[in-house]
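# Topology and contacts: notes
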Amino acid sequence: MLIMISKRIGFMVLTMLVVSILLFLLLEYSPGNVAVKVLGPYSSEEARQLWLERHGYFEPLWWRYGSWLGNFINGEFGDSVRFRVPVSEVLWPRLWNTAILGFWTFAIMIPLSLILGVLAGMREGSRLDRIISVGSIITTSVPEFASTVLLSAIFVFGLKWLPGTSSMTSGFEVKQMILPVMVLIIYDFGYVARMTRASMAEVMTTHYIRTAILKGLPYRQVIMKHALRNALIAPFTVIMLQINWLLSGVIVVEFFFAYKGFGALLLEASLNQDIFVIEACAMVAVFVAVASQTIADIGYTYLNPRIRFT
Amino acid sequence: MSNIIETVTPAPTPEAAFMRALKSFALLRESTPGMVGAFLVLFWVIVAILAPLIAPFDPLATLQPMAKPGTVYSMGGTFWLGTDHLGRDILSRIIYGSQTVLFYAPLATLCAYTLGILMGLAAGYHLGWWDIVLSRISDIILSFPVLVLYIIIIATIGSSGINIIIAITFASAPGIMRIVRGLVLDLRNRDYVAAAQTRGESALYIMLVEILPNARGPLIVDACLRLGYVIITIGVLGFLGLGLPPPDPDWGGMINETRKMAMIFPHMTIFPVIAISSLILGFNLLADGLREVSLRD
Amino acid sequence: MPDSVTPYDGPVLEIEDLCLSYYTRAGEIPAVVDFSATLAPGESIGLVGESGCGKSTVAMAIMRYMGSNGDIVSGTVKFKGRDMATLSDEELRQIRGSEIAMIYQEPMAALNPSLTIGSQLIEVPMTHDGVSKEEASKRAIAMLADVHLPDPERLMEAYPHQISGGQQQRVVIAMALLSSPSLLLLDEPTTALDVTVEAGIVELIAELSRKYNSSLLYISHNLGLMLEVCDRICVMYSGEVVEEGHIDSIFSWPKHPYTHGLFGCIPLPHADKNARPLKAIRGQLPLPHERPQGCYFGPRCDFFKAGTCDQESVRMSEVNTDDDPAHRVRCKLWNSIDHDAAIPMGDAKPPAEIGETVLEIDGMQKYYEVRDTSFAAMISGKGVRQVKANEKITFRAGRGETVAIVGESGCGKSTFAKVLMGLEQATDGEVRMNGIDIGGMPVQSRSPKQLGSLQMVFQNPNDTLNPSLTIGAQIGRVIKKFGVETDPVKIQERVLHLLDVVKLPRDFAIRKPRQLSGGQKQRIGIARAFAGNPAMVIADEPISALDVSVAAAVTELLTDIQRENQTTLLFISHDLSAVRYLADRVVVMYLGMLVERGTTDEVFSPPYHPYTEALLSAVPIADPQVEKRRIVLEGNLPSALNPPKGCPFSTRCQRRIGEICDNEPPPVQFNADRHGIACHIPMEELRKVEPVIKVSDKKPDPAGATP
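Treat the numbers as computed from the prediction; the structure is a model and nothing was measured.

Residues and elements named next belong to chain C. The residue Arg 330 is located in the loop between β12 (328-329) and α13 (339-342) in this model. For Arg 330, a relative accessible area of 3% translates into the label buried. Reaching out from Arg 330, the side chain makes a polar contact with the backbone oxygen of Asp 34 at a distance of 3.3 Å. Reaching out from Arg 330, the side chain makes a polar contact with the backbone oxygen of Val 241 at a distance of 2.7 Å. Dropping the residues within four chain positions of it, Arg 330 is found in contact with Asp 34, Glu 240, Val 241, Val 242, His 256, Val 314, Arg 315 and Met 316.

Listed below in structure tokens is the structure:
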């Protein structure tokens, strides 16, 4: 178990290193481009050379990468071209906002999708199963950008219940959170529910469930004690992977609702070629994704006695 | 390698192949969702093919700005779904937009599949170093949140049709590789693979003739799901302004261009939303139906 | 419970005219037709039949657990006088697991993988007897001791995957017996287990059913097993009982042609392939929706009479020629059949001549390296461990000879086949095929001729053919690959010829494997193996996945082709009856070691290696005239990762003589020229051992005897 955890963490560090090398090569390989991006297309050649020299861009490639990585680990990501402040000043508050958004999404979506998935998978082929299954296919089929438009057409323009933007300019407002959270849930819950349903349905056809029923256990006990424990192992991994997924999902939602979050920051940065912000955001995103994957793997091992005790 | 197969057995006639396809389609009849899905997909495919015949207007022509649905155009014809802020007919744009999406999405999926299958076969059949290297590469690519990856790629190489295909291939091939690898790991232990090995077949023959054809079932289902997903991706990129450059009709782009006006003119966004959602739904339902049918026997 | 207030002393189970159907897309499929049986307290009844005959469906119907698409069409199942169909769900639940309990075919699948064994056991008394957790644990521990499991307290905390298959089945048995059920349903409880483990389980079931006075309904395809556990049996064919009666009368005086046919398919200890070849039942089991009019067995029956057997459906009739009042048969002609001549018997064939040595194996070893990543192993520096899959294998096989390699799972017989085929390379020793050492020669570096001269028949019929290619394409590919023919027309001719050889219609060439039955696929596998005129064929459990009547046909086919082509056959099997029947020479393996080798007669009579002795005793024999000495092995098969230091069999050996067995590898002693036994016990001692199997001389052929 200990070995397994240290292996996973070792792999996580390795992945981060490879990703950092890729990013570095992709974005900083040619110093000329960096200077143009930082100083703008109308800067003079002289200014560019001066800037490059001051920031150590004439050192050998490996040295540049080393110091770049060192700065990165220390949290010095460079200055944002657009905001003219250190990247970390922009990044952390944005990340916090996204964390709030993600927290509410998960807090509602996970119980909802697990319950619906279990109910559907418990009696495969029943009317309830068909309704839940088809319903979840339909909700997953409406892309987020489509449901943002649809939902705001209904709740913002039609019923006029909710605000159309969530910029939180006058402090945190619950009302502004509702639509973004709703869009994220609608898009993602169907996937988790379907995975849970498939897992539950598979467990219900196993021989050990037959054993439990023919042992004369009450149906409730068959489900709660024998089925759920096995059926929820697979969805656990799926849910952890949804964190990775959510990082994609927030980009669209934040962009549409002008929510000052991490996703919107990354998108603005890439549209404006704000190179250091892109680097920082990408590294943070990959870190979160890899970390959640690591936790998922370790958790899976822990939940599954067949792997835990061998 | 295939000539021997055909010489020994009467080559399957085109009619026989057609009858077989018809039979698998008849199997799909058992699944109502699958039928609905097949219908939706077929509908859009026909629309795309017949676009020049059925579109009432030129999708790029500026005619009469912000016409409501059903408005009769002074020069003849009706804007059944209205026009957008630049006065282009929305129905025609949706019809031509289906061409765009049904060109790029299958092409990108096909590229991703070709690469993913090759990687998966190599990793799953040879194991050892092939497997370690290919799996690690995939793990690293898959550890990026997808959209972050797309944004970084498009921001670096610029947005154009070919670049979108490159980005989608790059980002989806690892996922396909994982599925193929899993299937190969199962199939490589079959006795018929051992039989092929013991008669000295090459690795390539075993991978392509003995293993790949028997993995087709799950791969077809996955391809349908992935097509839906690629359509979403192309739409999202269009929506974020990273998609195909205007003015070509692109459903995601149409929604982005008009969403600010959705308050006053909901028709401008609602119809493209319905179009893209129905096509994705079609692929998802089709995948679901195929899976259901394939599990039955 | 109401039953304890007024003691019930009637039959435990009464089934009357039960008809069961499944409803599918294709319509109603009758699974069981017109089934009747009565079971008295403490009695055991067996249901025997080939796969698809509906025997498991009966068990599920008794439990009223038919799934969503199955239903009882007509008839009644009465348990202790109560009609099961009238019970409410709650009443049914109270009976399940307390009054009627079930033991399943695959113990690993029957146990919940993520709950401890203890928690799965205690819920039985907690649910049915309402006792406290402590009391339930106490009962569970006592029951685990009753099923002879070591260290019950510790076992309670274990998960199912941590114990062996035999132990899992003991846990399932303990679970079933925890509430002392009056009826125990056993659905092929030992089919998934090794023979020596099976023997222990069978003995345990017999012991415990006496102790708890439960009635048994025992379902199996194995007639020999029935003889050991049942009082009465019902022989089922295609959804109906064709013959029922007391075990002795069925075995001694069978009346139904199908029962006769079954006996003709089973290899018995006193029969071999030359003197008394097996006689398969022709044709195939009809699919449930394609059953013929009248007698379902009609089209396969040698006594079929048009106008009598193909009219209305056949009812059971009493057999009054023996003193068994319960003996009944579903045949209109049973009285007019000459039952003495009815035992199907193949024609005797001259024994094949054994030619020069084809295969010579000398001290062959195959070791695998296994990386142990556990923390303890890392610390102790034993990170890489060796698994000795094959250790010092030595034997020879001549032209036209059949050599059987016998052993239970994990004995290394499949690894051995892989080394021969070149899929793995030997670590040490020599494997000479026609004089050339091929032990270290991977398949890629063998010439087409070498490849073609050594081919294999695989175990699983569903796995042996590529589902995507036609039969013709698959056989044609082999012919081309081995360079037998190159011209497409000639290849086509040879494909059709091979189909003739394996007695399949020529139009199978254009079929896909899924249109074939298991036996037919196995025939194609044989055709493929013989396509390149091989000098030697390795058959890895070629019949173990087939039903008896099909297996007999495949066995006969294999020996016929072998005889004609003078091919050396290496027959890998765990089934001693089949081995005894087929083989000229036998090699017995245990945990990768060769423990005994010699001619079939030498190996199957004293002196034995103690493991051979136990193996012989464990095999159920479908012949009441055969007397067996019972030897039940204790303990589990040791892990190949951590084998005993001395003799591999020392941990379970019934004749262990002392520490020398644990510490020193046994020497190979020779009884006769090529009859070697690897054992520490002196040969003189081994020679004194009594034979395990004795066939009484009075009735050499019981199936033919008349009262």
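Residues and elements named next belong to chain C. Pairing is mixed across the open sheet formed by 8 strands, whose spatial order is β6-β7-β8-β3-β9-β10-β12-β11. The sheet terminates laterally at β6 (100-103) and β11 (317-318), the two strands that pair on one side only. Across 4 bridges, the pairing between strand β3 (residues 44-48) and strand β9 (residues 232-237) is parallel. Residue Gly 46 lies in a different strand from β9, and its bridge partner there is Ile 233.

Taken domain by domain, chain A holds domain 1 (2-73) and domain 2 (91-267 + 297-303). Distance from the C-alpha centre of domain 1 of chain A to the C-alpha centre of domain 2 of chain A: 37 Å.

This paragraph deals with the confidence of the model for chain B. Per-chain confidence: chain B averages 83 in pLDDT, with 89% of residues scoring 70 or above. Summarising per-element confidence for chain B, the mean pLDDT is lowest in helix α1 (residues 2-8) of chain B (37) and highest in helix α9 (residues 203-211) of chain B (93).

Attention now goes to the nonpolar core. The biggest cluster of nonpolar side chains holds 175 residues, and the ones touching the most others in it are C:Phe35, C:Ile62 and C:Ile233. Residue contributions to this core peak at 8 residues, all from helix α9 (residues 195-212) of chain C. Those residues in contact with C:Ile62, other than ones at most four positions away along the chain, are C:Leu13, C:Ile15, C:Val77, C:Met84, C:Ile100, C:Leu183, C:Leu185 and C:Leu217. By size, the runner-up hydrophobic cluster in this structure holds 135 residues, among which are A:Leu69, A:Leu101, B:Leu244 and B:Met268.

Right, let's talk about the interface of chain A and chain B for a bit. Taken together, the 41 residues of chain A in the interface contact 39 residues of chain B. Of the roughly 3600 Å² buried at the junction of chain A and chain B (both faces included), carbon and sulfur atoms supply 78%. On the surface where chain A and chain B come into contact, there are 1 salt bridge. As a salt-bridge pair, B:Asp288 and A:Arg194 come within 3.7 Å of each other at their nearest N and O atoms. Joining chain A to chain B, the criterion identifies 4 residue pairs in polar contact (both at pLDDT 80 or more). Breaking the side of chain A that touches chain B down by element, the ones donating at least two residues are α1 (2-28), α6 (127-141), α7 (144-158), α8 (174-204), α11 (233-257), α12 (262-271) and α13 (275-303) of chain A. A per-element tally of the side of chain A that touches chain B places α11(A) first, with 8 residues. For the side of chain A that touches chain B, the per-class residue count stands at 31 nonpolar, 8 polar and 2 charged.

Before going further, it helps to examine the interface of chain B and chain C. Taken together, the contact pairs 29 residues of chain B with 32 residues of chain C. Note on chain B versus chain C: buried area summed over both sides is about 2500 Å², and carbon and sulfur give 60% of it. The interface formed by chain B and chain C includes 3 salt bridges. For B:Arg190, the salt bridge is made with C:Asp463, and the minimal N-O distance between the two is 3.6 Å. Remark: the boundary between chain B and chain C carries 10 residue pairs in polar contact (both at pLDDT 80 or more). Within the residue set of the side of chain B that touches chain C, elements represented by two or more residues are α1, α8 (191-198) and α9 of chain B. Considering every element that reaches the side of chain B that touches chain C, the biggest residue donor is α8(B), with 6 residues. For the side of chain B that touches chain C, the per-class residue count stands at 12 nonpolar, 8 polar and 9 charged.

Two numbers describe a pair of aromatic rings. These are the distance of the centres and the angle of the planes. Tallied over the full model, the rule gives 23 aromatic pairs over all chains. Residues A:Phe256 and B:Phe239 carry aromatic rings whose centres are separated by 6.3 Å and whose planes lie at 20° to one another, so their mutual orientation is stacked. Within this pair, whereas A:Phe256 is found in helix α11, its partner B:Phe239 is found in helix α10 (residues 216-239), the two belonging to separate chains. Neither A:Phe256 nor B:Phe239 differs from the other in exposure class; each is buried. Through pairs of rings, three or more aromatic residues link up here, namely A:Phe145, A:Phe255, A:Phe256, A:Phe257 and B:Phe239. If you follow B:Arg188 out to its NZ or CZ, it ends over the ring of B:Tyr125, 5.7 Å from the centre.

Rules behind the numbers
- Residues numbered from 1 in each chain as written.
- Chains lettered and ligands numbered in written order.
- Predicted model: local features only at pLDDT ≥ 70, side-chain atom pairs only at ≥ 80, totals over all residues.
- Heavy atoms only, no water.
- Helix = DSSP H or I, 4+ residues; strand = E, 2+ residues; numbered from the N terminus.
- Buried < 20%, exposed > 50% of the residue type's maximum accessible area, 1.4 Å probe, protein only.
- Polar contact = N/O pair within 3.5 Å; in protein donor to acceptor, adjacent residues only side chain to side chain.
- Contact = heavy atoms within 4.5 Å.
- Pairing = 2+ DSSP bridges.
- Domains from an automatic or database assignment.
- pLDDT = per-residue confidence, 0-100.
- Core = buried A, V, L, I, M, F, W, Y, C linked by side-chain atoms within 4.5 Å.
- Buried area = accessible area lost by both parts, 1.4 Å probe.
- Salt bridge = Lys/Arg side-chain N within 4 Å of Asp/Glu carboxyl O.
- Nonpolar A, V, L, I, M, F, W, Y, C, P; charged D, E, K, R; others polar.
- Phe/Tyr/Trp six-rings, centres within 6.5 Å; stacked < 30°, edge-to-face > 60°.
- Lys NZ or Arg CZ within 6 Å of the ring centre and 35° of its normal.

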